[in-house]
Amino acid sequence: MTTADYIKQMLTMIDNLLSGMWKIDEFRSNYYDFYLEEVPDDLLSDTESEFFGGVQEKLDWVDESPDIESQNSGWLNHEQFVEWVKQQKIKFYPE
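Reading the values: rules and limits
- Per chain, the residues get numbers from 1 upward, laid out in the order the sequence is written.
- Per-residue local features of the predicted model are confined to residues with pLDDT of at least 70, and side-chain atom pairs are confined, for both listing and counting, to 80 or more; whole-chain, interface and lining totals are unaffected and use all residues.
- Computation of side-chain values covers all heavy atoms of the structure but excludes hydrogens and water.
- Each pair of aromatic rings taken from Phe, Tyr and Trp, with Trp reduced to its six-membered ring, is defined by centres within 6.5 Å and is described as stacked if the planes are under 30 degrees apart, edge-to-face if over 60, and tilted in the remaining cases.
- A run of H or I in DSSP becomes a helix once it reaches four residues, and a run of E becomes a strand once it reaches two; helices and strands are each numbered from the N terminus.
- Using a 1.4 Å probe on the protein chains alone, a residue whose accessible area is under 20% of its type maximum counts as buried, one over 50% counts as exposed, and one in between counts as partly exposed.
- In this analysis the charged atom, NZ for Lys or CZ for Arg, is taken to sit over a ring once it is within 6 Å of the ring centre and within 35 degrees of the ring normal.

Sorry, what's going on with the packing of aromatic side chains here?
To describe a pair of aromatic rings, one takes the distance between the centres and the angle between the planes. Enumeration over the complete set of coordinates arrives at 10 aromatic pairs. Judged by centre distance (5.5 Å) and plane angle (35°), the ring pair of Phe51 and Phe92 falls under tilted. With Phe51 in helix H3 (residues 46-58) and Phe92 in helix H5 (residues 78-92), this pair connects stretches of sequence that are 41 residues apart. Phe92 sits in the buried class, given a relative accessible area of 17%. Taking 5.5 Å as the distance between ring centres and 55° as the angle between the ring planes, the aromatic pair formed by Trp61 and Trp75 counts as tilted. Placement of Trp61 in the loop between H3 and helix H4 (68-72) and of Trp75 in the loop between H4 and H5 is noted, with a sequence separation of 14 residues between them. Over the ring of Trp84 we find Lys58, and its NZ or CZ is 5.3 Å from the ring centre.

Okay, structure coming up:
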């Protein structure tokens, strides 16, 4: 696969989440391991790694309904995560 193929596949997964086609659990099960295990470490630019790696890392801080203490520590609920991903995509991949 080329760099463009990896990016296209990850953007498709992100779009599946943003469109509501995938819920958080399905997105996590597809995206998380794909990014960590399939995408070669040196393939993406720093900017691409910041975006795609940021999405993967933020998944570690997502829960269906985090308590107040967790929220104060940076945890997001599902809706907040989807909105966060949307804003990150606009920042890195404006259309």
